[in-house]
Amino acid sequence: MSASSHRPDSALSQDALLEENRRLKASIAYLEEEIAELKRLIYGSKRERFVPAQKDDAQLSLELGSETADEEQAVVKQTVSYQRAAKQAGKKAVRQNFPDHLPRIDVVLEPEEDISTMRKIGEEVTEELDLEPARLFVRRYIRPRYVSVEESFHMAELPARPIDKGIPGPGLLAQIMVDKFVYHLPFYRQAQRYERLGVKIPSSTLNGWLPAACNLLEPLYLALKFVALKATYLQVDETPIPVLDGQKKAAAAAGKTHQGYHWVYYSPEEKLVLFDYQKGRNREGPKQLLENYQGYLQTDGYQAYDQFEDRENIVLVGCLAHARRYFEHAKDSDPVRSEQALLLIQQLYAVEREAREQSLQPEDRYMLRQEKSVPIMDALGQWLVNEYPGVLPKSKIGKAFYYLIGRYNKIYTYLNDGRLEIDNNLIENSIRPVALGRKNYLFAGSHSGAKKAAMVYSLLGSCKLQDINPYDYLKDVLERLPEHPVNRLHELLPPNWIPKK
């Protein structure tokens, strides 16, 4: 057999080796990215702020025509802000005046000398901020009993109380709930604090008062749900919450928990947030809650939301912050492509910042976006199409491209209506208390307890959005709810609440 007859097999073997070499290199690159991501999660910064590297301008140029000036302006504005902050850091701090609503206790200090022959020409006032610790007190309802000449007895009725025949008043219940769901204090730590104030209240007693208070708040929570779901624009996200499952006694005895989820719905226009507890993360939770919803629904890329694509009266809107996060994670493995994407995304956020600083109404924000954001978004889309064939699908940058390309049209939707936000960050801020709570009280005691936590998170989260003091709100509504007409519950929702005088 001639030597030439062996060449095809040799060439085939060489091609196979080259292909195996490419596969192994891709696998090594993927594993290196996984290790780098793990190190970033353990040791790295969690911030996602992007500062462009000082590189050759031609390397980052994307031929955006007139938008190039806007790109340079966005970078320059960011640099100026850092320089200004550095200059201000060197200035002497100026003490702010105390708020006017704080009560003042005047302490007049006269000179030690005899002032009887002196004339007062003025005074110098020095203020200091002080604190009196919380105090417990007992409210006594004294009801004199009378007997008439006809020998009939008369005595005033007790006012309605948050817990019928219970010990706690509305102020104590409000403080317990605020401490747990705003300041994330477990009941055993609250019990220790009350003991230092002179009253021993077992943590089990505090835990028992909470469901009773939530039962009183439930109609108000349902009214909040009704109003929130009537909105025409909702942002949606979900967050896990560990729950002790009483039906799985062996697991509960061993301290194992069930992974439940709070599904969170936020209405930017109404400034209401709704927490809905579900035992799982499947599609049934949002499907049931949004059965009759009509309007925009802004979500991340989780597959459970894809079911709404076929709903005639729902328009899905994407979240640019989630897409940005993928490129931020890919900076170490592919800095050139990552910075190109992040630079364009930064320009889109610069337009949003401009609209926010000018306090633009939705119509004006729409016009600003059409002028400045649409060309940037179009350029981003064209760049994705051009660059995607050159990335490895399993790499960090490949996943970033895949996510943004798959969500591009949904993200583009925010440009079509000035009411819509560029991302879901507002709802992520509402979810943050749940994450802090997980670190402190670790889990919910039952599925029923998780549902009651959702009620409180909804009301207190809405208070925060309305800039309402949560203690003042809860104390007032817990006092009024027992006798408040059901058909006027909307008056006690945070956007409509007027404190009782």
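## As for the packing of helix α11 (residues 362–387) against helix α12 (residues 396–412)
One way to put it is that α11 packs onto α12 with a least axis distance of 11 Å and a crossing angle of 150 degrees. When the axes of α11 and α12 are compared, the pair comes out roughly antiparallel. In this structure, α11 meets α12 at a crossing whose hand is left-handed. Within the contact between the two elements, α11 uses Val374, Met377, Asp378, Leu380, Gly381, Trp383, Leu384 and Glu387 and α12 uses Phe401, Leu404, Ile405, Tyr408, Ile411 and Tyr412. When its residues are assigned to classes, the contact of α11 with α12 shows 11 nonpolar, 1 polar and 2 charged.

## Some details on the pattern of salt bridges
Taken as a whole, this structure holds 16 salt bridges when the rule is applied. In this structure, the salt-bridge partner of Arg104 is Glu127, at a minimum N-O distance of 3.2 Å. Taken as a pair, Arg104 in the loop between α3 (67–89) and β1 (146–147) and Glu127 in the loop between α3 and β1 lie far apart in primary sequence, 23 residues in all. Among the ionic pairs, Glu421 bridges to Arg365, the shortest N-O distance being 3.5 Å. With Glu421 in the loop between α12 and α13 (425–441) and Arg365 in helix α11, this residue pair connects regions lying 56 residues apart in the sequence. Among the residues examined, Arg365 registers a relative accessible area of 13% and is labelled buried.

## A few points about the sheet that holds strand β5 (residues 272–278)
Strands in a sheet are paired, the pairing made by backbone hydrogen bonds, and the direction either parallel or antiparallel. The strand order β5-β4-β3-β6-β7 describes an open sheet built from 5 strands, whose pairing is mixed. Two strands close off the open sheet at either side, each with one partner strand: β5 and β7 (314–317). Shown here is a sheet whose adjacent strand axes are inclined to one another by a mean of 30 degrees, direction ignored. Lying on the sheet, helix α6 (residues 203–229) is in contact with β3 (233–243) and β5; it crosses β5 at an angle near 110 degrees. Contacts from helix α14 (residues 447–465) reach β3, β4 (258–267) and β5, with the element oriented near 170 degrees to β5.

## Re unusual backbone geometry
In this structure, His184 is a non-glycine residue whose phi angle is positive, near 60 degrees. Although it is not a glycine, Lys271 sits at a positive phi angle of roughly 55 degrees. Assignment of secondary structure puts Lys271 in the loop between β4 and β5. Owing to a relative accessible area of 40%, Lys271 belongs among the partly exposed residues under this scheme.

About the thresholds
Residues numbered from 1 in each chain as written. Predicted model: local features only at pLDDT ≥ 70, side-chain atom pairs only at ≥ 80, totals over all residues. Heavy atoms only, no water. Axes fitted to C-alpha atoms, helices over the stretch in contact; angles between N-to-C directions. Helix = DSSP H or I, 4+ residues; strand = E, 2+ residues; numbered from the N terminus. Parallel < 35°, antiparallel > 145°, perpendicular 65-115°, else oblique. Left-handed = near helix turned anticlockwise from the far one by under 90°. Contact = heavy atoms within 4.5 Å. Nonpolar A, V, L, I, M, F, W, Y, C, P; charged D, E, K, R; others polar. Salt bridge = Lys/Arg side-chain N within 4 Å of Asp/Glu carboxyl O. Buried < 20%, exposed > 50% of the residue type's maximum accessible area, 1.4 Å probe, protein only. Pairing = 2+ DSSP bridges.

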